[in-house]
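# Analysis of the macromolecular model
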Amino acid sequence: MTITQSNFQSINAPRFQKLSQDQLERIHFASLEILERTGVQLHLPEAVELLKGAGADVSEGSRVRIPSHLVEWALSVAPKRVVLANRNGERVMPLERNNVFYGLGSDCPNVIDFHSGERRSGVLKDIVDAARVCDALPNIDFLMSFTIASDLPQAHADLYQMQAMLANSTKPILFVTTEFEGCVKDVEMAEIVAGGPDALRNNPICALYINVTAPLVHNEEALQKLLFMAEKGLPTTYTPVVLRGATGPVTPAGAVAYANAGELAGLVLAQLKREGAPVILSGGTQDMLDMRSTLDIYASPQNRVLCVEMAHYYGLPIFGLGGASDSKLPDEQAAAEVAFSLLTETLAGSHLIHDVGYLEGGMTNSLEMVVMADEMIRWVKEFMRGEVVNEETLALDWIDKVGHKGDFLALKHTRNHYQEEWYPTLFNRTNYSSWAEAGKKTLRERARDKIDQILAEHQPESLPDDIAKGIQAVIDKAVNG
């Protein structure tokens, strides 16, 4: 290829540039203008009355225009940090400052069977296996439900999903429910595990992920869930999904302002219901519509950095998206897109990076990809780790002692520090002959072996019998009436 003026792009111009304070303010004020001028439709009378009582303008029954001062008040009283606990009540995930945590996604209709390699509908066992494997993976910090269990009655499938996650891992959970009643029952189960409502509120072992119809149209069930969780003092994300070019402006700035308006409306409602209710922003999970395929794209390089920056502008926790791919299999494309999205989302500063392992734009989940991503996350963490520069690490005396011989291998200094370097557990860095003698296994084959090993050897900490029976009783009552 001949480099010409028309196709040459200077390598000295950085592609990633953070928004200026002025740009962030313009997006914020644009969101306020949307809420004041256009307003939101709220399909829950309680939500309308909360805003009307606080001074918002209500017309056409459910159209509410929210004044800017209410948004500014909500931003001032919403918690700047949210801490999630593990099943034992230990506060392991403080969403604050530069902390980044990684976890699964939820509710994919399909999975890649890690034994056969075939794409099929998900079942409850997939959720159980995912929870058990992720309980053992050191770099997966939280759980989501992984897939939709097609072998369960869908009216109560979310209850069995929550039970599977609570029973097969001690890690924090982000749960999703289809109906409002499922939200109530899932919280009841979490309260049983935590030791009661106060214990769960003080050390929340779970947070609720809420999908909203659109930034300016808030459906009844999403609002019910938001207000219920706010009253309980439990954390939520509130996500008015925007698909750029289809359900929102195609331009990133417009899409973020639009999605942000919907999130701010949710934030105001949560604070009106209970001042100080913990809310984790999500940026509306603004994805891109590929105009060639008309599909939702998860691994676009423009997807989410603006959302993260808006959350940092507000000083609030942010629910990010990374470790996902638009490939159909856990192949080379998937590995590249998972790695790129994990690194960029981490560099942007998302507090919760979810959807690790997603393929096919969120239609398929892969436990093999999750295991591979666990190794990539460790790589990213090592890259992000700060280096120590002091007298010991500069090693001037050792350099002088070795002099021009250049042989540092046998030094005590080397023995003391070489284990500080990153050594992979899944990636292969041996020479060709050693790799060949071990069976010439690909990364995907090694991931499958690791899944089999974990499922054979790792036993998650079991729930006490009385707690397990209490959870089952909640499900039985919901199912049998």
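In this report, we go over the structure that sits alongside the text. None of the values given here were measured: they were computed from a predicted structure.

## Re the packing of helix α5 (residues 157-168) against helix α18 (residues 465-480)
At their nearest, the axes of α5 and α18 sit 10 Å apart, and the two run at 175 degrees to each other. Considering the angle they form, α5 stands roughly antiparallel to α18. Of the residues in α18, those in contact with Leu159, Tyr160, Gln163 and Leu166 of α5 are Ile471, Gln472, Ile475, Ala478 and Val479. In terms of residue class, the contact of α5 with α18 is made up of seven nonpolar, two polar and no charged.

## Digging into the sheet that holds strand β10 (residues 206-212)
Read across the sheet, four strands follow the order β9-β10-β12-β14 without closing on themselves; strand pairing throughout is parallel. Looking at strand neighbours, the two that pair on one side only are β9 (173-175) and β14 (279-280), the edges of this open sheet. Here strand β12 (residues 236-240) runs beside β14; their pairing, made up of two bridges, is parallel. Paired with Thr236 across the bridge in β14 is Val279. Helix α9 (residues 252-273) rests against β12 and β14 of the sheet, and its axis sits at about 145 degrees to β12.

## Some remarks on the pairing of strand β4 (residues 82-85)
Burial of β4 is two-sided: the residues Val82 and Leu84 facing one way and the residues Val83 and Ala85 facing the other way are all buried. Across four bridges, β4 lies against strand β5 (residues 91-95) in antiparallel orientation. Considered in β5, the bridge of Val83 is made with Pro94. Connecting β4 to the next strand, β5, in antiparallel fashion are five residues, including Gly89 with a positive phi near 85 degrees.

## A short note on unusual backbone geometry
The phi torsion at Glu60 lies on the positive side, around 55 degrees, for a residue other than glycine. Among the structural elements, Glu60 can be located in the loop between β2 (57-59) and β3 (63-65). Of the residues examined, Glu60 reaches a relative accessible area of 61% and is grouped as exposed.

## Overview of a negative patch on the surface
On the surface, Glu387, Glu391, Glu392, Asp397, Asp400, Glu420 and Glu421 cluster together into a negatively charged patch. When contributions to the negative patch are tallied by element, the ones reaching two or more residues are α13 (391-394) and α14 (396-402). Relative to the elements of secondary structure, Glu392 occurs in helix α13.

## A few points about helix α3 (residues 68-77)
Given 3.6 residues to a turn, an α-helix orients residues that are three or four positions apart in the same direction. Along α3, the residues that are buried comprise Ser68, Leu70, Val71, Ala74 and Leu75. For α3, the buried positions fall inside an angular range of 160 degrees around the axis, keeping them on one side. More than 90 degrees from the buried face of α3, the exposed residues found are His69 and Ser76. For α3, the elements touching its buried residues are α1 (21-38), α2 (45-53), α9 and α10 (305-314).

## Details of a nonpolar patch on the surface
Side chains of Val389, Leu394, Leu396, Ile399 and Phe408 sit close together on the surface and give an oily, nonpolar patch of about 500 Å² of accessible area. Relative to the helices and strands, Leu396 is located in helix α14.

## Description of helix α11 (residues 332-348)
In this model α11 runs 24 Å from its N-terminal to its C-terminal C-alpha over 17 residues, within 8% of the 24 Å that 1.5 Å per residue would give. When α11 is considered as a whole, its buried residues turn out to be Ala334, Glu337, Val338, Ser341, Leu342, Glu345, Thr346 and Ala348. Mapping the buried residues of α11 onto a view down its axis gives an arc of 155 degrees, with all of them on the same face. For α11, the exposed residues lying more than 90 degrees away from the buried face are Glu332 and Phe340. Of the surrounding secondary structure, the elements contacted by the buried residues of α11 are β6 (101-102), α10, β17 (319-321), β18 (352-354), β19 (358-359) and α12 (367-384). For α11, the capping residue at the N-terminal end is Asp331, with a side-chain oxygen 3.2 Å from the backbone nitrogen of Gln333.

Thresholds, definitions, all that
Residues numbered from 1 in each chain as written. Predicted model: local features only at pLDDT ≥ 70, side-chain atom pairs only at ≥ 80, totals over all residues. Heavy atoms only, no water. Axes fitted to C-alpha atoms, helices over the stretch in contact; angles between N-to-C directions. Helix = DSSP H or I, 4+ residues; strand = E, 2+ residues; numbered from the N terminus. Parallel < 35°, antiparallel > 145°, perpendicular 65-115°, else oblique. Contact = heavy atoms within 4.5 Å. Nonpolar A, V, L, I, M, F, W, Y, C, P; charged D, E, K, R; others polar. Pairing = 2+ DSSP bridges. Buried < 20%, exposed > 50% of the residue type's maximum accessible area, 1.4 Å probe, protein only. Patch = residues over 30% accessible without salt bridge, like charges linked within 9 Å, V, L, I, M, F, W, Y side chains within 5 Å. Areas by Shrake-Rupley, 256 points an atom, 1.4 Å probe, with all protein chains shown as cover. Salt bridge = Lys/Arg side-chain N within 4 Å of Asp/Glu carboxyl O. Lys, Arg positive; Asp, Glu negative; His and termini not counted. Charge placed at Lys NZ, Arg CZ, Asp CG, Glu CD. Arc of directions from axis to C-beta. Expected span 1.5 Å × (residues − 1). Polar contact = N/O pair within 3.5 Å; in protein donor to acceptor, adjacent residues only side chain to side chain.

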